[in-house]
Amino acid sequence: MKKRITLLFTLLFLGLNFGFAQQDEECITKLSIFHEYARAKNYDAAYEPWMVVRNKCPKFNIAIYADGEKILKDKIKKATGAAKLPFINDLLKLWEERAVNFASKTSKGEYAAQSCQLMYDNRKLLNKSKEELYECFDAAYKLDKDSFTNPKSLYTYFSLMVDLYDAGKKPATDLFNKYDDIVEKVEDEVKSFSEKLNKLITKEEAGTALTSKEGKYKKYYESYLKAYDQISGSIDQKLGDRANCENLIPLYQKDFEANKTNALWLQRAAGKMSQKECTDDPLFFKLVNAYHKLSPSANSAYYLGILKDKEHKTSEAIKFYEQAIGLETDNFKKSKLYYRIASKLKARKSYGKARSYYRKALKLNPSNGRPHIAIAAMYAASANSCGDSNFNKRAVYWLAADEARKASRVDPTLKKAASQSVANYSAKAPQKSEIFSSGKSGQTIKIGCWIGASVTVPSI
C-alpha cells in the first residue's frame, strides 16, 4: 500500500497523464529516477533509465523530451570529434519524436529552427553545405514564423543568405527582401518584449516593488531585448555596403514599374533608401509619392516629411511628421516616430521641441532609454549657454547625468553606454572642493533657457 501511495504522489508531482497502456510500473519508476538525476545535472546516470522510458513509453510524459534534450546536449558537450555525431543525430531525432508525441506542446518553428541551428553549429561534422542549411532555416521560417524567434537562429538565417549572395547563388532582390523580413521579425519581437517590460517598469517607477515572479520575468524580458539588440547590429554589419546607394538605386529603378502598385515593395524600397541616406536621388521622391498615393500611411507621410526636410521646408516637414504620428495606431511604432522626429529636431539644435518629442516617445515606450541619452546630450551641449555663472553652467551636467542614469535604469541594452555617459557628465560637474568653496551645498539651482529645470547641489 505504501508503495502504491508513493507512486501516486510521484505521478501527481511530475504531472503525468494516465491514458496509455504503456504506462507500466517500470516506466513510472524509471521516469522518476531519470528526472531526479536530470534535476541534479547528473546526466550520465540519467541516460540509461531515460532511454528505457523513451523507447518503451514515448507518449508517457513531456519530461522524456525536456530532460532528454538536456541529457543529449551534455553528451554532445563532453564528446569530441566524430564521437559527437551519434548524439547530434539522436537529438535531432528526439525533437522529431517530440513533435509526433506531444504536438500541442511543440512549437513547429521553434523546434525546426533549433534543429537547423544544431546542424549549422556542427556543419563540418555533418558535412552540410550552406545551401542545405539555408534551405533548412528557410523551411522552418515558412513553416511557423511566429515561433521562429531565437535571436541566434534569426542571425544565422540571414548570415547564410548573405554568404550565398556573395557566392553568386542568390540575387540582390532576394538578399534585400530577406533583410527586410528578418529586420521586421526582430522588430516584432522587440515590440512584444518591450510592451511586457514596460508594464513592469511603469509599476517600479510608480514606487511599487515587483513581486519575486515579476522580477524573474523582468530579467527574462531584458535578456531577450539585449540579444535582439546585439543581433540587430550584427545583421546590419553583415549586410554592410551590399545595400549602399550604388546597389539600391539601379535595382529599385529596374523593378519600379513592376512594383509601382505593390504597397509593401514601395514601403520597403523607400525605407531602405531612407535608412541608407539615398534620399537625394530622384528615385526616392518617385517611390515616396507612389507609396503615399497608393496607401497613405504613417510611413509614407514620414517619408514625405523627409523630402520637405531636404527642401529646407521645415514647417511643411513637421506637418507631414505630425500627420505620420496621427496615422500611426500602434503605440510602439508611434514611439519610434516620435523618436525619429525628435532626433531631426535635435540635429537642428531645436532642443526644446526635440525634448518634447523625446518625452512623448518615452511615454509610449518607457523601456527605450535612447530618448534619455539624447536629452542628456542636449543638456550637456547647452551647459555653457544655460547658466548664469561658471558654477551654475557646470551644474547642468548634473541634470545630464541624472537623465543618462534613467536610461541605465530602464533599458537593458544601454546599461554600459549609459553608465559611461553618467561618469563623463559627473566628471564635468562641480566636484566636492568646488561645492565646498561655493557654499551651495544642498541648495537648489534653477537652470534657465530652454532647459527650464532645477537641480539640487549634492550635500557635502
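What counts, and where the lines are drawn
- Residues numbered from 1 in each chain as written.
- Predicted model: local features only at pLDDT ≥ 70, side-chain atom pairs only at ≥ 80, totals over all residues.
- Heavy atoms only, no water.
- Helix = DSSP H or I, 4+ residues; strand = E, 2+ residues; numbered from the N terminus.
- Expected span 1.5 Å × (residues − 1).
- Buried < 20%, exposed > 50% of the residue type's maximum accessible area, 1.4 Å probe, protein only.
- Phe/Tyr/Trp six-rings, centres within 6.5 Å; stacked < 30°, edge-to-face > 60°.
- 1 Å grid on protein atoms, 1.4 Å probe; cavity = no way out; pocket = protein on both sides within 12 Å on 5 of 7 lines; lining within 4 Å.
- Points joined across faces, edges and corners; volume = space filled by probe spheres on them.
- Nonpolar A, V, L, I, M, F, W, Y, C, P; charged D, E, K, R; others polar.
- Salt bridge = Lys/Arg side-chain N within 4 Å of Asp/Glu carboxyl O.

Peer 1: Please clarify how helix α15 (residues 298–310) should be interpreted in this entry.
Peer 2: Every α-helix carries 3.6 residues per turn, so stepping three or four residues along brings you back to the same face. The first and last C-alpha atoms of α15 sit 19 Å apart over 13 residues, in line with the 18 Å expected at 1.5 Å per residue. Among the 13 residues of α15, 10 are classified as buried, and the element is accordingly described as predominantly covered. Listing the buried residues of α15 in full gives A298, S300, A301, Y302, Y303, L304, G305, I306, L307 and D309.

Peer 1: What exactly am I supposed to notice about the packing of aromatic side chains here?
Peer 2: Within a pair of aromatic rings, the relevant descriptors are the distance that separates the centres and the angle that separates the planes. According to the stated counting rule, one finds 27 aromatic pairs in the structure shown. Centroid distance Y47 to W50: 5.8 Å. Interplanar angle 55°. Geometry classified as tilted. Of this pair, Y47 and W50 both sit in helix α3 (residues 43–56), 3 residues apart, which is roughly one turn of that helix. Put simply, the rings of F193, Y217, Y220, Y221, Y224 and Y228 pair up and form one aromatic cluster.

Peer 1: Looking at this structure, how should I read the layout of surface pockets?
Peer 2: Where empty space is left can be seen by rolling a probe of water-molecule size over the atoms. In this structure, the largest pocket spans a volume of roughly 1800 Å³. Those elements that provide at least two residues to the lining of the largest pocket are α10 (172–205), α11 (212–239), α13 (263–275), α15 and α17 (331–347). For the lining of the largest pocket, the element with the highest residue contribution is α10, accounting for 9 residues. Quantified by volume, the second largest pocket comes out at close to 360 Å³. Contributing to the lining of the second largest pocket are 18 residues, with K73, Q114, Q117, N150 and S153 lying nearest its centre. Those elements that provide at least two residues to the lining of the second largest pocket are α4 (63–78), α5 (85–101), α6 (108–121) and α9 (151–166). If you tally residues by element for the lining of the second largest pocket, the top one is α6, at 6 residues. Its residues assigned to classes, the lining of the second largest pocket shows 6 nonpolar, 7 polar and 5 charged.

Peer 1: Quick question: what am I supposed to make of the pattern of salt bridges here?
Peer 2: Pairing between side chains of opposite charge can happen when their charged atoms approach one another. Enumeration according to the criterion identifies 39 salt bridges in this entry. One salt bridge in this structure joins E184 and R268, with 3.0 Å as the shortest N-O distance. Of this pair, E184 sits in helix α10 while R268 sits in helix α13, and the two are 84 residues apart along the sequence. K185 is paired through a salt bridge with E189; the nearest N and O atoms lie 2.9 Å apart. Placement of both K185 and E189 in helix α10 is noted, with a separation of 4 residues, approximately one turn of the helix. One exposure class covers both K185 and E189, and it is buried. What emerges from the salt-bridge pattern is a single network uniting D138, K142, K178, D181, E184 and R268.

Honestly, that's just the spatial picture; any functional story needs more than this.
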